[in-house]
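Each chain is listed here by its residues.
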Amino acid sequence: MLDTALSLLMLASIALLVGAAFLWRRGERQRPVLMLVLAAIMLGNLVIWTLPTQQGGTLVQAAAGK
């Protein structure tokens, strides 16, 4: 289940990046910047969950009990 959530997190951050680029080209400034900030936060969370620790495990593995 957590794998699905992380996959959706990645897809949502890609959608936010594409949407921000689209809005930026249309001349808007505030919403695209907020979308980029949100995408950066989401990607940061994704990295935290999937980056291996010094012991070689990840938070995803720890949550799954592996």
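About the cut-offs
- Position numbers for residues count from 1 along each chain, tracking the sequence in the order it is written.
- Predicted model: local features are reported for residues with pLDDT of at least 70 only, side-chain atom pairs are reported and counted for 80 or more only, and whole-chain, interface and lining totals are derived from all residues.
- The side-chain numbers reported here are obtained from all heavy atoms of the structure, hydrogens and water having been left aside.
- The way it works is that DSSP assigns letters per residue, a run of H or I at least four long becomes a helix, a run of E at least two long becomes a strand, and they are numbered from the N terminus.
- Throughout, the radius of gyration refers to the C-alpha atoms, and the reference size of a globule is 2.2 Å times the residue count to the power 0.38.
- The criterion used for residue contact is that any of the two residues' heavy atoms lie within 4.5 Å.
- The Shrake-Rupley method, run with a 1.4 Å probe, gives the accessible areas here. Residue values count only the displayed protein chains as cover.
- Any Lys or Arg side-chain nitrogen located within 4 Å of an Asp or Glu carboxyl oxygen qualifies as a salt bridge.
- Between buried and exposed lies partly exposed: a residue is buried under 20% and exposed over 50% of the maximum accessible area for its type, with that area taken using a 1.4 Å probe on protein chains only.
- We define a nonpolar core as any set of buried Ala, Val, Leu, Ile, Met, Phe, Trp, Tyr and Cys residues linked to one another through side-chain atoms lying within 4.5 Å.
- Helix span is expected to be 1.5 Å times the residue number reduced by one.

Quick word on the overall build of the chain
Right, on to step 1. Along the chain, the regular secondary structure elements total three helices and zero strands.
Right, on to step 2. Shown N-terminal to C-terminal, the secondary structure of the chain runs as helices and strands in the order α-α-α.
Right, on to step 3. Expected size for 66 residues packed as a compact globule is a radius of gyration near 11 Å; at 15 Å, the chain overshoots this value by more than 25%.
Right, on to step 4. Seen through its C-alpha atoms, the chain measures out along the principal axes to roughly 50 × 25 × 10 Å.
Right, on to step 5. Pairs at least 24 residues apart make up 41% of the contacts formed inside the chain by residues separated by at least 6 positions.
Right, on to step 6. With the model as given, the accessible surface of the chain reaches about 5,000 Å², and the carbon-plus-sulfur share is 68%.

Considerations on the pattern of salt bridges
Right, on to step 1. By the definition in use, this model includes one salt bridge.
Right, on to step 2. Residue Arg31 is joined to Glu28 by a salt bridge in which the shortest nitrogen-to-oxygen separation is 2.7 Å.
Right, on to step 3. Given the relative accessible area of 48%, Arg31 is considered partly exposed.

Digging into the nonpolar core
Right, on to step 1. Core analysis: the biggest nonpolar cluster contains six residues, these being Leu16, Ala20, Leu23, Met35, Ala39 and Met42.
Right, on to step 2. Only helix H1 (2–25) and helix H2 (30–50) provide two or more residues apiece to this core.
Right, on to step 3. When near neighbours in sequence (up to four residues on either side) are disregarded, Ala39 contacts Ser13, Leu16 and Leu17.

Side note on H1
Right, on to step 1. An ideal rise of 1.5 Å per residue puts 34 Å on 24 residues; H1 measures up with 35 Å between its terminal C-alpha atoms.
Right, on to step 2. Within H1, burial applies to Leu6, Ser13, Leu16, Gly19, Ala20 and Leu23.
Right, on to step 3. Lining the buried residues of H1 we find H2 and helix H3 (59–64).
Right, on to step 4. Within two residues after H1, Gly27 carries a phi angle of roughly 105°, on the positive side.

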